[in-house]
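Working through the structure, step by step
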Protein chains: 2
Amino acid sequence: MKLNPLFPTVETLAINTDLYELTMAAAYFEGGHHEEHATFELFARKLPKRRSFLIAAGLEQALHFVDNIRFTKQAVDHLRSLDVFKSVRSDFFDYLRQFRFTGDLYALPEGTVFFSGEPILQVTGPIIESQILETCLINCINFQSMVASKAARLSLAGKGRSIVDFGSRRAHSLQAGILAARASFLGGCSGTSNVLAAQEMGIPVHGTMAHSFVQACGDEKKAFELFYQVFRENSILLVDTYDTLAGLEKAVQIGHDIKGVRLDSGNLAELAFQAREFLDRHGYQNTQIVASGDLDEERIHSLAMADTPIDAFGVGTDLAVSTDAPTCDLVYKLVEVIREGRTEPRIKTSQGKSTFPYRKQIFRKVGKEGFAGDVICKWDEEIKIPEGAEPLLRKQVENGRLIARVPDVSEIRAHVQEQLSQLPSSFKLLHSVEEYPVQYSDQLIKVQRELTEMHPHSTTI
Amino acid sequence: MKLNPLFPTVETLAINTDLYELTMAAAYFEGGHHEEHATFELFARKLPKRRSFLIAAGLEQALHFVDNIRFTKQAVDHLRSLDVFKSVRSDFFDYLRQFRFTGDLYALPEGTVFFSGEPILQVTGPIIESQILETCLINCINFQSMVASKAARLSLAGKGRSIVDFGSRRAHSLQAGILAARASFLGGCSGTSNVLAAQEMGIPVHGTMAHSFVQACGDEKKAFELFYQVFRENSILLVDTYDTLAGLEKAVQIGHDIKGVRLDSGNLAELAFQAREFLDRHGYQNTQIVASGDLDEERIHSLAMADTPIDAFGVGTDLAVSTDAPTCDLVYKLVEVIREGRTEPRIKTSQGKSTFPYRKQIFRKVGKEGFAGDVICKWDEEIKIPEGAEPLLRKQVENGRLIARVPDVSEIRAHVQEQLSQLPSSFKLLHSVEEYPVQYSDQLIKVQRELTEMHPHSTTI
């Protein structure tokens, strides 16, 4: 019997998408619009709840997609077979078979802090191509940005203590587990439990033991001894299968060089103080205390504020699914169309979902206190650029060819640290009440107002 | 430059896992325990918030994993290179190279309704093998069960109206998008927007158009005309890019056979009534109204209760990430070990995380009103089985070989419908206050009590 693991593959990238990307593509093609150039931008309409900043992540996987998207014969045959495409001419399917992305792509470097309304990725090229990229681009950037932002919050809450990703089992699919390991490392975690992610990216890998090991051995002491016999100074002993303090008593009979003990239940603050005192008293000053078990940034913050002697936190579900905000709700919107050599602005005026027109650039002011406000302007607008402000969107792909160097995860992680060091403290609070100042340029505001006034009655934009 | 998409593959299944599964495996091996048999069970400690039942899903992918897990040379070489394994003898790595799962696996058929505490999957076999499966099994079943349960809630809330999965862009990875399409169809959705999922599983695929298409064409009327020219009676026109009623006015100039119009913003209830009246008045009685835009079961329930004339709902984020409960928090726990021919029960007594010992079976009573309560008992316990009660856990894998027929998605979907029809209404409310009766057998309660009393001081279990 053929069991389908439903793995994504490079061959199926093009149709791992929403049908409407392809129906619109067919309509553009039939209407002769497919070579008209357009710009789409990816951004967050508003920040998820409790977030005062986000961290851009997932660009490497997005670039892989853009570089490798092809419609295989099998995919095109499948599309042809769908009732909805029955009146579409054969030329369109021939077009798909030779499809390549030939446009330009700009993006914030991975690890850059961003705020609502800011385009973090921008695609300029034939409208049919830029449209077809939509679903996968959102998918790649939305998830990893969500996890990287969560990891940054957890790390800030931990005040320097290590946070380790334990989320693979609860991540939404096997791929989500690997991507979550990547994004959480970028965001500030010190490692992951996922062996494959570690192998693929050189991320430090961590692991202890499960309760089942203690239960299986039938006796905590025997379990600890066996584990220590194999792993020596790398041993981290899980002490709470039955009674934590009784577990600790056994741990201190094992060997002074054990690396750590892990607490996974109960009152972690109380237990950690007791454990530290107990370990120290028995000469285990170098033994670390690792805590896990339904942790989130609130609990970690409380534990860190109380100076609880916990050296590292293992965070599973809350990190890999970002429980309190399981999406960044990124959207990918058309902002301009080039028609007969003329750049025409585009907006939506749908209730609660209106957008700013034109291809944009972001400039970030940096003062003595760090980031001091962003300005979003029209791409080619002549504005007075604040001194020292650098444009944030950088060219990644030119005429369909990757031109940027793709940094490795350690470089990106360092960039995040540098970014966070420049973000003023008031925006790094767990419950920030201030909003980082993001300003639209006069020209953007003017054009948006004009276009909004023209709609719904105008049909010219 | 090599860009890494971080796709899961069949070759990397074995190390797409938490490191501790492999450190424990090494310790079992070194301790000579690896051939001892044990049983692990997968279950939800408690139901996620607002859930009064869950639907088991993801078994096909779990079985694929169990059937295909192998440690490649590359994976083993990587493990060998890790500092933590430096003292592990070479025999263990040789063991991994020839690793196969050789045990038995029982599970609820996909689509079965289940409740907290109930083992939905059970692995019996050499402890080292059963342990190594943990992370991937949880990953496969947890995510799809979460989405299938969400889809069932959405479908119940919609009172017979179609719910379509639009979640691929916000799913946590490309794979999560495909799996969410599968699980949501099982749970009751009528289709998906994901073309690949549709191709792989024969799920109906749906799509309309995006605002960008209307914006790009520069004029709603032109956009509608072009789309209709290509898609005729399959055309669903998005009418809210600027002003919904003005959009509708243009839609009724297109052709009486258009399939539908889509509303994606604003007051959906009000707009749907206005749209229905307007469409009917213009002779578009057969034109469907599709609604989308940040929908969840609460909003759909309100719209359905008000008899809003909406024929189908497109649900994206809320379905694919189950926003209000983005995990089922399934756990995989050791319940017994067979040592020297004797079956020894195993429990955890960790605070708030205690478990029931022994390999179990579930019997579900079915009365005239449908499901009438479950009994969880010891696998071989002689209990008075309620009349007509069938054992829920079915053998899927025997001695490592798949023996069950794996149903296709339509069969599973029908099973879900049948299950829901038997679940009494009080448990199908959006905010159920009643708890479905699940009873543990006398023997399980007795043994759990005895073992709990023995701990933490006993070391014999």
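The shown structure was predicted, so the numbers you read here are calculated from the model rather than taken from an experiment.

Along chain A, the regular secondary structure elements total 16 helices and 19 strands. Projected onto its principal axes, the C-alpha coordinates of chain A cover approximately 80 × 65 × 40 Å. Burial statistics for chain A: of 461 residues in total, 67% are counted as buried. Look at the contacts in chain A between residues 6 or more apart in sequence, and 73% of them connect residues 24 or more apart. Approximately 16100 Å² of chain A is accessible, and the part contributed by carbon and sulfur atoms is 48%. Averaging the positions of the 50 positive and the 60 negative side-chain charges in chain A gives two centres separated by 1 Å.

Let's shift gears to the sheet that holds strand E11 (residues 312-315) of chain B. Residues and elements named next belong to chain B. With respect to topology, six strands assemble into an open sheet ordered E7-E6-E11-E10-E9-E8, the strand pairing being parallel. Sheet topology places strand E7 (191-192) and strand E8 (236-238) at the edges, where each strand pairs with a single neighbour. In this sheet, strand E9 (residues 260-263) lies alongside E8 in parallel orientation, the contact comprising three bridges. For Leu-238, the partnering residue across the bridge sits in E9 and is Arg-262. This element, helix H12 (residues 268-281), spans E9 and strand E10 (288-291) of the sheet and lies at about 165° to E10.

Here the focus is the interface of chain A and chain B. The interface is formed by 136 residues belonging to chain A together with 136 residues belonging to chain B. Approximately 11500 Å² of surface area, both sides summed, lies buried where chain A meets chain B, with 59% of it carried by carbon and sulfur atoms. Across the contact surface, chain A and chain B share 10 salt bridges. Its salt-bridge partner being Glu-134 of chain B, residue Arg-169 of chain A comes within 3.2 Å of it at the nearest N-O pair. Where chain A meets chain B, there are 66 residue pairs in polar contact (both at pLDDT 80 or more). Residues of the side of chain A that touches chain B, tallied by class, amount to 62 nonpolar, 46 polar and 28 charged.

Our focus in this paragraph is the domain arrangement of chain A. Residues and elements named next belong to chain A. Split by domain assignment, chain A resolves into domain 1 (10-132 + 328-454) and domain 2 (149-321). Domain 1 and domain 2 are separated by 38 Å when their C-alpha centres are compared. Across the domain 1 to domain 2 interface the summed buried area is about 1700 Å²; carbon plus sulfur atoms make up 58%. Contact with domain 2 buries surface across domain 1, with Val-409, Arg-413 and Leu-430 losing the most and accounting together for 40% of the total. Applying the counting criterion to the domain 1 and domain 2 interface returns three salt bridges. Among the secondary structure elements, those contributing two or more residues to the side of domain 1 that touches domain 2 are strand E2 (54-55), helix H2 (59-68) and helix H15 (409-422). Among the elements that take part in the side of domain 1 that touches domain 2, H15 stands out by supplying seven residues, more than any other.

A word on the pattern of salt bridges. Residues and elements named next belong to chain A. Scanning the model with the defined rule gives 66 salt bridges over all chains in all. Of the charged contacts, one joins Arg-50 and Glu-298 as a salt bridge, the two residues approaching to 2.4 Å between their closest N and O atoms. Here the residue Arg-50 occupies a position in the loop between strand E1 (37-44) and E2, and Glu-298 occupies one in helix H13 (residues 297-305), the gap between them amounting to 248 residues. The exposure class of Arg-50 is partly exposed, given its relative accessible area of 32%. Using a relative accessible area of 24% as the deciding quantity, one classes Glu-298 as partly exposed. As a salt-bridge pair, Asp-83 and Lys-86 come within 3.5 Å of each other at their nearest N and O atoms. The exposure class assigned to Asp-83 is partly exposed, which follows from its relative accessible area of 47%. Connected through salt bridges with shared partners, the residues Arg-50, Arg-51, Lys-150, Arg-153, Glu-297, Glu-298, Asp-318 and Asp-324 form a single ionic network.

What counts, and at which threshold
Residues numbered from 1 in each chain as written. Chains lettered and ligands numbered in written order. Predicted model: local features only at pLDDT ≥ 70, side-chain atom pairs only at ≥ 80, totals over all residues. Heavy atoms only, no water. Helix = DSSP H or I, 4+ residues; strand = E, 2+ residues; numbered from the N terminus. Buried < 20%, exposed > 50% of the residue type's maximum accessible area, 1.4 Å probe, protein only. Contact = heavy atoms within 4.5 Å. Areas by Shrake-Rupley, 256 points an atom, 1.4 Å probe, with all protein chains shown as cover. Lys, Arg positive; Asp, Glu negative; His and termini not counted. Charge placed at Lys NZ, Arg CZ, Asp CG, Glu CD. Pairing = 2+ DSSP bridges. Axes fitted to C-alpha atoms, helices over the stretch in contact; angles between N-to-C directions. Buried area = accessible area lost by both parts, 1.4 Å probe. Salt bridge = Lys/Arg side-chain N within 4 Å of Asp/Glu carboxyl O. Polar contact = N/O pair within 3.5 Å; in protein donor to acceptor, adjacent residues only side chain to side chain. Nonpolar A, V, L, I, M, F, W, Y, C, P; charged D, E, K, R; others polar. Domains from an automatic or database assignment.

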